[in-house]
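# What the coordinates show
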Amino acid sequence: MNTTMTPQQLLTDSEIVYNHAQVQNAMDDVALNISQELGNAEPVVLAVMGGAVYFAGQLLAKLTFPLHFDYVQASRYGMQTSGAELIWKVEPPLNVQGRVVLILDDILDQGITLAAIKQKCLDMEAKQVKIAVL
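It should be emphasised that the depicted structure is a prediction, and the values quoted were computed from it without experimental measurement.

All right, on to the overall build of the protein then. The number of helices and strands found in the protein is four helices and five strands. Start at the N end of the protein and walk to the C end: the helices and strands fall as α-α-β-α-β-β-β-α-β. For the protein, the C-alpha atoms occupy an extent of roughly 55 × 35 × 20 Å along the three principal directions. The buried share of the protein, taken over its 134 residues, is 28%. Considering only contacts within the protein whose residues lie at least 6 apart along the sequence, 74% involve residues at least 24 apart.

So, on to the nonpolar core. One finds Ile 34, Phe 55, Leu 59, Leu 63, Leu 102, Leu 104 and Ala 132 to be the most contacted residues of the largest nonpolar core, which totals 16 residues. Elements supplying a minimum of two residues to this core: α2 (20-38), β1 (44-48), α3 (53-60) and β4 (100-105). Broken down by element, this core gets its largest block of residues, four residues, from α2. Apart from residues no more than four positions distant in its own chain, Leu 104 is found in contact with Val 45, Leu 46, Ala 47, Val 48, Ala 52, Phe 55, Ala 56, Leu 59 and Ala 132. Within the second largest apolar cluster, 14 residues are counted, among which are Val 44, Ala 74, Val 96 and Ala 126.

In this section: the pattern of salt bridges. The full count for this structure, using the stated rule, is three salt bridges. Lys 62 is the salt-bridge partner of Asp 28, the closest N and O atoms lying 2.7 Å from each other. With Asp 28 in helix α2 and Lys 62 in the loop between α3 and β2 (68-75), this pair connects stretches of sequence that are 34 residues apart. Judged by relative accessible area, Asp 28 falls into the partly exposed class, the value being 35%. Its salt-bridge partner being Glu 91, residue Lys 120 comes within 3.3 Å of it at the nearest N-O pair. Taken as a pair, Lys 120 in helix α4 (residues 112-123) and Glu 91 in the loop between β3 (87-90) and β4 lie far apart in primary sequence, 29 residues in all.

Rules of the game
- Residues numbered from 1 in each chain as written.
- Predicted model: local features only at pLDDT ≥ 70, side-chain atom pairs only at ≥ 80, totals over all residues.
- Heavy atoms only, no water.
- Helix = DSSP H or I, 4+ residues; strand = E, 2+ residues; numbered from the N terminus.
- Buried < 20%, exposed > 50% of the residue type's maximum accessible area, 1.4 Å probe, protein only.
- Contact = heavy atoms within 4.5 Å.
- Core = buried A, V, L, I, M, F, W, Y, C linked by side-chain atoms within 4.5 Å.
- Salt bridge = Lys/Arg side-chain N within 4 Å of Asp/Glu carboxyl O.

Here it is as structure tokens:
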């Protein structure tokens, strides 16, 4: 018996936890908080690829202050469902040095990958690192 479900089957069998309006309202709140806290900092905003694509795209449209956007790609999962050693595919850019950095990600599981990305930015002498998760 084949227990592998297609993406369409997964979607069909899924339960909506938060609807579109609830997600948009939450993003509005996050954008407001970020604007209040980082609006004068001209931060480097790093999206964690590939999960943060939707979150970053939606959130960046709501931020109305100058920022520099880039991305990082690190994974502990690969094709597995449990974490292993962190593998960097794209490290933070050199321009984090002396800057405020905002890391965007889609899911906070155990926080190990985000903690490693934050630490890497601090090791690269970022002035401060903040994290926002959808």
